[in-house]
Amino acid sequence: MAVNSTLLNTMRVAKETVVAIEYTLKDDQGNIIDASGERGPMEYLHGAQNIIPGLEQGVEGLVAGDTKNVLVPPQLGYGEYSEKLLQLVPLTAFGANTPQVGMRFHAETNLGMRVLTIKKIDGEEVTLDGNHELAGKTLHFDIKVVSVRAAEPTELAHGHPHQSGGCCGGGGCGSGESSEGGCCSTEEGSEGGCCSTEEPAAQKQGGCGSGGCGCS
Ligand SMILES: [Zn+2]
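Structure report, in brief. (Residues numbered from 1 in each chain as written. Predicted model: local features only at pLDDT ≥ 70, side-chain atom pairs only at ≥ 80, totals over all residues. Heavy atoms only, no water.)

**Overview of the pairing of strand β2 (residues 32–35)**
Next, step 1: Pairing geometry for strand β1 (residues 17–26) and β2, over three bridges, is antiparallel. Looking at β2, one finds that Leu-25 is bridged to Asp-34.
Next, step 2: Where β1 hands over to β2, the hairpin turn is made up of five residues, of which Gly-30 adopts a positive phi near 85°. (Pairing = 2+ DSSP bridges. Helix = DSSP H or I, 4+ residues; strand = E, 2+ residues; numbered from the N terminus.)

Written as structure tokens, this is what we have:
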């Protein structure tokens, strides 16, 4: 057993490992944008695009206990800010709902399902922004690797880590506003049923993503 635990402790982050990290994410000004904090470490399947590419590259090769500052430019994070992702819709498109600047929602666009933010309301015209809220930003991650283990075959098949209790057990859903009642809220779905909801736009933030739960 001693040999085993030694092996586990020295396993390096590589493709097909499940990695747990604690992190604090800051912008260029040093403002904290997000942190694992009380949510506990974020677990993800390395090499499966669970997290943004720049962070994944930064964690590669580390072992449990390692700490690192990882600088992620926009092109390896949430992309450059694009004016093309702005669109105007009439106020009437919201029906009975009252839109407010800063409100976010999922909508089908010609680029697929995206999270849209209400950027401006000008009379009867509403400007929607399809850029990720972190688009165009350089991201500063302070990370600590908490654990590294080999992925289980079912995790590799699903493309995401499973916690104790099966697919998407407690604790993994981080920052999503929509985590309640959304993905993986059902009890019985360990195989097949769970995690069938696609959340492509949301997948990459912290493995669980804004609005998703890392289970697409
Ligand atoms: Zn799963």
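**Describing the sheet that holds strand β5 (residues 86–90)**
Next, step 1: What the four strands build is an open sheet, ordered β5-β8-β7-β6; its pairing is antiparallel. With partners counted over all chains shown, the strands left at the sheet margins are β5 and β6 (104–109), one partner each. Shown here is a sheet whose adjacent strand axes are inclined to one another by a mean of 45°, direction ignored.
Next, step 2: The pairing of β6 with strand β7 (residues 112–122) spans six bridges and is antiparallel. Across the sheet, residue Thr-109 finds its bridge partner in β7, namely Gly-112. (Axes fitted to C-alpha atoms, helices over the stretch in contact; angles between N-to-C directions.)

**Examining the pattern of salt bridges**
When their charged atoms lie close together, side chains carrying opposite charge are able to pair.
Next, step 1: Taken as a whole, this structure holds five salt bridges when the rule is applied.
Next, step 2: A salt bridge links Asp-34 to Arg-39; its shortest N-O distance comes to 3.4 Å.
Next, step 3: Taking the shortest distance from any N to any O, the salt bridge between Lys-119 and Asp-129 comes out at 4.0 Å. Residue Lys-119 is found in strand β7, and its partner Asp-129 is found in strand β8 (residues 125–129); the two are separated by 10 residues along the sequence.
Next, step 4: For Lys-119, a relative accessible area of 43% corresponds to the partly exposed category.
Next, step 5: Judged by relative accessible area, Asp-129 falls into the buried class, the value being 8%. (Salt bridge = Lys/Arg side-chain N within 4 Å of Asp/Glu carboxyl O. Buried < 20%, exposed > 50% of the residue type's maximum accessible area, 1.4 Å probe, protein only.)

**As for the packing of aromatic side chains**
Next, step 1: Scanning the model with the defined rule gives two aromatic pairs in all.
Next, step 2: Judged by centre distance (6.0 Å) and plane angle (90°), the rings of Phe-94 and Phe-105 are edge-to-face. Remark: Phe-105 occurs in strand β6 and Phe-94 occurs in the loop between β5 and β6; sequence separation between them is 11 residues.
Next, step 3: Residue classification places Phe-105 among the partly exposed positions, given a relative accessible area of 26%. (Phe/Tyr/Trp six-rings, centres within 6.5 Å; stacked < 30°, edge-to-face > 60°.)

**Section: the environment of Ile-121**
Next, step 1: Locating Ile-121 in the fold gives a position in strand β7.
Next, step 2: Assessed through its relative accessible area of 30%, Ile-121 is described here as partly exposed.
Next, step 3: Separated by 21 residues in the primary sequence, Ile-121 and Gln-100 have C-alpha atoms spaced 7.5 Å apart.
Next, step 4: Not counting the four nearest positions on each side in its chain, Ile-121 is found in contact with Leu-91, Pro-99, Gln-100, Val-101 and Val-126. (Contact = heavy atoms within 4.5 Å.)

**Focus: the side chain of Thr-127**
Next, step 1: Examined against the element boundaries, Thr-127 turns out to sit in strand β8.
Next, step 2: Those residues in contact with Thr-127, other than ones at most four positions away along the chain, are Leu-86, Gln-87, Leu-88, Thr-117, Ile-118, Lys-119 and Lys-120.

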